[in-house]
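Residue strings, one per chain:
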Amino acid sequence: MVANLGRGNAFVIVERVDNEADGDWYVQVWLRDDNTYQLEFRDGTAAEHYQTRTVSQEKVIAALSGWAKGRPEWKDAFMWNNISTWFLDGAESPSLPTP
């Protein structure tokens, strides 16, 4: 899916559904117009929402695969920014645009 990202098809979102866990669990990728990948993940709550960017398609694919398999080291290849304040107090998210 990541290899097929392009204009008009710039997003991949993978969500973990667990009826016993509260919150939202997902990882998402946006291929930006400058050919960088914006990668975000949320671990349950808005307080645990992070973002990074990379030019490496291989790192994005490894991250998505590692996340889907539940491997704890999947995010080690990146420097993450906590963007939780974008989601608190009803703030609008400047992260991914609406597809």
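Model, not experiment: these values are computed from the prediction. (Residues numbered from 1 in each chain as written. Predicted model: local features only at pLDDT ≥ 70, side-chain atom pairs only at ≥ 80, totals over all residues. Heavy atoms only, no water.)

Draft legend 1. Local environment of the side chain of Thr-36. With respect to the helices and strands, the residue Thr-36 is situated in the loop between β2 (24-31) and β3 (37-44). A polar contact of 2.6 Å, which involves the side chain of Thr-36, links it to the side chain of Asp-34. Polar side-chain contacts of Thr-36 include one of 2.8 Å to the side chain of Arg-53. Residues within four places of Thr-36 in sequence aside, it is in contact with Trp-30, Leu-31, Arg-53, Thr-54 and Val-55. (Helix = DSSP H or I, 4+ residues; strand = E, 2+ residues; numbered from the N terminus. Polar contact = N/O pair within 3.5 Å; in protein donor to acceptor, adjacent residues only side chain to side chain. Contact = heavy atoms within 4.5 Å.)

Draft legend 2. Layout of the side chain of Ser-56. With respect to the element layout, Ser-56 can be found in the loop between β4 (49-54) and α1 (57-68). Looking at Ser-56, its side chain comes within polar contact range of the main-chain nitrogen of Lys-59, at 3.0 Å.

Draft legend 3. Looking closely at unusual backbone geometry. Despite not being glycine, Asn-35 shows a phi value in the positive range, around 65 degrees. Along the chain, Asn-35 falls in the loop between β2 and β3.

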